[in-house]
Amino acid sequence: MAERCRAELAQLMQKDGNNACADCGDADPDWASVTIGVFLCQQCAGVHRSLNSQSRVKSVRLDNWDRDQVQVMECIGNAKAKEKFEMCVPPFYRRPKKNDVEVLKKEWIMAKYQREEFTDPDRQTAYNCSYKEGMLWKLGRDRKQVQQRKFVLSRADNKFSYFITEEAKQHKQQPPKAEADLDNMNAVFVPEKIGNPYGLQITFIKSGSTRSLFVYSDNSKDIVDWYNCIRAAKWERRRIAFPDRDLQQLAEDLTKDFLLEGWLSKMGPKNEPFRRRWFTLDRRKLMYFEEPLNAFAKGEVFIGHRDAGYHLTLGPPEGDRSSNSQNNFCFTLHTPDRNFMLRAETQDDMDKWTTALNNVIDLPLTPQDSKLASMLVPKKSSNSFRLIKR
């Protein structure tokens, strides 16, 4: 009987929908929820265990199955469960993929099966709202202390802001400590960088340079609600501005994860010694910092298209014939106004950076890219870079 059940499960897993994790889309799932009737990857199955009696998880290949349990999987399966539990997922809500951070997967699963938020839009008011305020922990600009701050998001004002205290927020004569236009904001989960599983980095452009806020909440639902609230506000503005556009298309790139981050060494503009910097590639914007948690970058480079003269070359600085093995990891980013000599710490790091940068250089520019360039770059040279010395 056990062998027959496994054989039937193997056949069920080949059907469309069942051959990928019901929650993150990872291929070839080998776990299942015998109460909900869906096939899962190992990581999502781990989250399902926290649902207690709502989701009983079993290994498809290692655990024993009886005929009734197999019949549940046969009668439901991923496609039918999706029709029920994802009936009204808002276009702006980020559906996590297999490589996304754990907090996004956790709250997606909780929202689907425990709170059933996507069966009734009235259950989505925590993030699909025109106004939201609450307390979040924020890292200070000096990076020495973390304190709670009052954060406010207003669709009507198109603003995201924070105040030192609740009293400061209520006192209308006192302006917010920082304020950002939602159109120019990005939000990225960076748990390892912040050192908190619910760590979120919020970036926005202010006076021609990028400001970073590092925040987190003690509650995973709270931080994901803030994240999706930002996405919802940006999506709503697009929906009003472009009423004829496809709603799913309008949800593209509401927030965008960094393409790559890590340590590189950078040579100074006058062949000065290499200095170690933390680099972040955010779409077409390459930023470098003294430390990963700096509020402002030491410099920012807009990366245009290859046709405008942007390209990479490999090798050590011109005229450097030393036998230093680290020179094997050197490469140069060429822009119309300046060349940036960079050095990775390993061959693998260099391959990752050169591949990522070449991919950006090969992408055609969009209207949004041109807008970004105009915000970061001096007016006299729209294809140039803006170097901010701090």
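One structure accompanies this document, and this report is about it. In this text the structure is predicted, and so the values were computed from the model without any measurement. (Residues numbered from 1 in each chain as written. Predicted model: local features only at pLDDT ≥ 70, side-chain atom pairs only at ≥ 80, totals over all residues. Heavy atoms only, no water.)

1. As for the overall build of the protein
The helix and strand tally for the protein stands at 11 helices and 17 strands. Dimensions of the protein along its principal axes, counting C-alpha atoms only, are 75 × 60 × 45 Å. When each of the 390 residues of the protein is scored for burial, the buried share is 51%. Of the contacts made within the protein by residues no fewer than 6 positions apart, 53% connect residues no fewer than 24 positions apart. Put simply, the protein shows about 19,700 Å² of open surface, and 46% of that area lies on carbon and sulfur atoms. (Helix = DSSP H or I, 4+ residues; strand = E, 2+ residues; numbered from the N terminus. Buried < 20%, exposed > 50% of the residue type's maximum accessible area, 1.4 Å probe, protein only. Contact = heavy atoms within 4.5 Å. Areas by Shrake-Rupley, 256 points an atom, 1.4 Å probe, with all protein chains shown as cover.)

2. So, the side chain of Glu107
With respect to the helices and strands, the residue Glu107 is situated in helix H5 (residues 102-114). For Glu107, a relative accessible area of 3% gives the class buried. For Glu107, the side chain forms a polar contact with the side chain of Ser220, separated by 2.6 Å. The residues touching Glu107, leaving out its near neighbours within four places in the chain, are Tyr93, Arg115, Ser220, Lys221 and Val224. (Polar contact = N/O pair within 3.5 Å; in protein donor to acceptor, adjacent residues only side chain to side chain.)

3. Here's the deal with the side chain of Lys138
Assignment of secondary structure puts Lys138 in strand S4 (residues 131-139). In this view, Lys138 contacts Gln145, Val146, Gln147, Arg149, Phe151, Tyr162, Arg211, Leu213, Phe214 and Val215; residues no more than four positions away in its chain are not counted.

4. Here we look at the packing of H5 against helix H8 (residues 220-241)
Between H5 and H8, the shortest axis-to-axis distance is 10 Å and the interhelical angle comes to 95°. Taken together, the axis directions place H5 and H8 in an arrangement best described as roughly perpendicular. When H5 is examined against H8, the residues Val103, Leu104, Lys106 and Glu107 are found in contact with a partner set consisting of Ser220, Lys221, Ile223, Val224 and Tyr227. Class assignment of the residues belonging to the contact of H5 with H8 gives a composition of five nonpolar, one polar and three charged. (Axes fitted to C-alpha atoms, helices over the stretch in contact; angles between N-to-C directions. Parallel < 35°, antiparallel > 145°, perpendicular 65-115°, else oblique. Nonpolar A, V, L, I, M, F, W, Y, C, P; charged D, E, K, R; others polar.)

5. Quick look at the sheet that holds strand S14 (residues 299-302)
Strands in a sheet are paired, the pairing made by backbone hydrogen bonds, and the direction either parallel or antiparallel. Taken in spatial order, the seven strands line up as S14-S13-S12-S11-S17-S16-S15 in an open sheet, and their pairing is antiparallel. Both edges of this open sheet fall to S14 and strand S15 (311-314), since each of them pairs with a single strand only. Direction aside, neighbouring strands of the sheet carry axes that sit 35° apart on average. Taken together, the two bridges between strand S11 (residues 260-267) and strand S17 (residues 339-343) define a ladder with antiparallel strand orientation. Paired with Ser265 across the two strands is Arg343, which belongs to S17. Sheet contacts for helix H11 (residues 367-376): strand S13 (285-289) and S14; angle to S14, the most-contacted strand, approximately 145°. (Pairing = 2+ DSSP bridges.)

6. With respect to the sheet that holds S4
In space, the seven strands of this open sheet follow the order S7-S6-S5-S4-S10-S9-S8, with antiparallel pairing throughout. Of all strands in the sheet, those bounded by a partner on one side alone are strand S7 (178-181) and strand S8 (185-189). In this sheet, neighbouring strand axes are inclined to one another by 35° on average, regardless of whether the strands run parallel or antiparallel. The pairing of S4 with strand S5 (residues 146-154) spans nine bridges and is classified as antiparallel.

7. Here's the deal with the packing of helix H2 (residues 42-49) against H5
At a minimum axis separation of 10 Å, H2 and H5 run at an interaxial angle of 55°. Here H2 is positioned oblique relative to H5, judged by the angle of their axes. Every pair of crossing elements has a handedness; the one defined by H2 and H5 is right-handed. Across the interface between the two elements, Gln43, Cys44, Val47 and His48 from H2 touch Glu102, Lys105, Lys106, Ile109 and Tyr113 from H5. Its residues placed into classes, the contact of H2 with H5 shows four nonpolar, two polar and three charged. (Left-handed = near helix turned anticlockwise from the far one by under 90°.)

8. Here's the deal with the pairing of strand S16 (residues 330-334)
Judged by how many residues are buried, S16 sits mostly within the fold: five of five residues are covered. With burial as the criterion, each face of S16 is covered, one bearing Cys330, Thr332 and His334 and the other bearing Phe331 and Leu333. Direction of pairing for S16 relative to S17: antiparallel, over a ladder of five bridges. Among the inter-strand pairings, Phe331 is bridged to a residue of S17, identified as Leu342. Between S16 and S17, which pair antiparallel one after the other, the connecting turn spans four residues.

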